[in-house]
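As a plain string of letters, each chain reads:
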Amino acid sequence: MIVCSTFCVTAGSGFKSIKPYKSGYFGTAVKLHPGYTAGVITSFYLSNGEDHPGNHDEIDIEFLGTTPDKPYILQTNVYMRGSGDGNIIGREHRIHLWFDPTQDFHDYAILWTPNEIIFFVDDVPIRRYPRKSDETFPLRPMYVYGSIWDASSWATENGRYKANYGYQPFVGRYRNFKLKGCEADSPLSCLPPSGSPAATGALSYQQAVAMQWVQSRYKVYDYCLDPKRDQTQTPEC
């Protein structure tokens, strides 16, 4: 089954899991819209914004729309306890992909455990966000979402290019959903799946090498390395 999330001048669209989770592996295959998509974001993410408006947590995979002469940017981000609600303290990483995400479906996933968050593209880990303190890690249950929406104010080259509705509709295609984890009401004995074949549950040597390959070749932004950021707000850096 393919789920199409469509955005046009009248409205965006999206989907949401029936139940919230407190940890787990959440994935889907996505095929992105080709051509002019500046200002438009196609996303797959975890959030409890409806349960905690103004004080929510979020773990994001976002595809930042682009112009036809430039590649998509994949942004991963983590918010906790309202840092995304007006008081924007994002923890963004951005990468270029090593393939054209408009030509075929590719797998994207979030592994959220009590100790770390790992983002995957086609089973390759692209980012690991460890739990260094309770203050810098999302711990409350979240739902799984997918959506496509207008973020013209910042999505493409910091808002230089806006959504152009002459190219609508913008369609994000999703399939092969994978939701495996501990629901919000699961017992304490429930454990999330591992993202690694290593017995320790940590990334294997091969996975660590693959992640370093992605970050060294394709990473274009890291919030911890941004001299314009106030790093006192992101002590995990």
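Residue indices begin from 1 for each chain and proceed along its sequence in written order. Where totals are concerned, whole chains, interfaces and linings use all residues; where local detail is concerned, this predicted model gives features only for residues with pLDDT of at least 70, and gives and counts side-chain atom pairs only at 80 or more. Note that the side-chain values use all heavy atoms of the structure and ignore hydrogens as well as water.

Turning our eyes to something else, we now look at the sheet that holds strand β11 (residues 143-150). Pairing is antiparallel in the open sheet, where seven strands are placed in the order β2-β11-β4-β5-β6-β7-β13. With one partner strand each, in any of the chains shown, β2 (13-16) and β13 (219-222) form the two edges of the open sheet. Sheet twist, expressed as the average angle between the axes of neighbouring strands with direction ignored, equals 15 degrees. What makes two strands pair is DSSP finding at least two bridges between them. Helix and strand assignments come from DSSP, with helices taken as H or I runs of at least 4 residues and strands as E runs of at least 2, each series counted from the N terminus. Taken together, the seven bridges between strand β4 (residues 40-47) and strand β5 (residues 58-64) define a ladder with antiparallel strand orientation. Pairing of Ser47 across the sheet is with Glu58, part of β5. By definition, residues are in contact when any of their heavy atoms lie within 4.5 Å. To get an axis, fit a line to the C-alpha atoms, keeping to the stretch in contact for a helix; angles then go from 0 to 180 degrees between the N-to-C directions. Set on the sheet, helix α1 (residues 205-218) makes contact with β7 (93-96) and β13; between it and β13 the angle comes to about 90 degrees.

Tracing the backbone through its elements, the reader meets Glu92 in the loop between β6 (73-79) and β7. Overall, the relative accessible area of 11% leaves Glu92 in the buried class. The contact partners of Glu92, leaving out residues within four places of it in the chain, are Gln75, Thr76, Asn77, Arg127, Tyr221, Asp222, Tyr223 and Arg229. Partly exposed describes any residue whose relative accessible area lies between the buried limit of under 20% and the exposed limit of over 50%, with all areas from a 1.4 Å probe on protein chains only and scaled to the type maximum.

So, on to the state of the cysteines. Any two cysteine sulfur atoms lying within 2.5 Å of each other are counted as a disulfide. Scanning all chains against the criterion turns up two disulfides. The disulfide partner of Cys182 is Cys190, and the S-S distance across this bridge is 2.1 Å. On the S-S bond that ties Cys182 to Cys190, the torsion sits near -95 degrees, and the link is left-handed. By relative accessible area, which is 0% here, Cys182 ends up buried. Take Cys190: its relative accessible area is 24%, and that puts it in the partly exposed class. Across the disulfide, Cys224 is cross-linked to Cys237 (sulfur-sulfur distance 1.9 Å). On the sign convention where negative means left-handed, the S-S torsion of about -80 degrees between Cys224 and Cys237 marks this disulfide as left-handed. You can see Cys224 sitting in the segment after β13 and its partner Cys237 sitting in the segment after β13, a full 13 residues away along the chain. Judged by relative accessible area, Cys224 falls into the partly exposed class, the value being 27%. You can call Cys237 partly exposed: its relative accessible area is 44%. Here the chain pairs its bonded cysteines, counted in sequence order, in the arrangement 1-2, 3-4.

For strand β8 (residues 106-112), the buried fraction is high: six of the seven residues fall into the buried class. Here strand β3 (residues 21-31) runs beside β8; their pairing, made up of seven bridges, is antiparallel. From the neighbouring strand, Gly27 faces β8, where its bridge partner is Ala109. Relative to strand β9 (residues 116-121), β8 runs antiparallel, the two sharing five bridges. Opposite Tyr108, over in β9, you have Val121 as the bridge partner.

This part takes up the environment of Gly24. Summarising the element assignment, Gly24 is placed in strand β3. The sequence separation of Gly24 and Arg175 amounts to 151 residues, and the corresponding C-alpha distance is 18 Å.

We now examine the nonpolar core. Side-chain atoms within 4.5 Å link the members of a nonpolar core, which is a set of buried Ala, Val, Leu, Ile, Met, Phe, Trp, Tyr and Cys residues. Membership of the largest hydrophobic core comes to 34 residues, with the highest contact counts inside it found for Leu74, Tyr108 and Ile117. If near-sequence neighbours (up to four positions away) are discounted, Leu74 is found in contact with Ile61, Glu62, Phe63, His93, Arg94, Ile95, Leu97, Tyr108, Val121 and Ile126. With six residues, the next largest nonpolar core counts Ala109, Leu111, Ile118 and Leu203 among its residues.

Keep in mind these numbers describe shape, not what the thing actually does.
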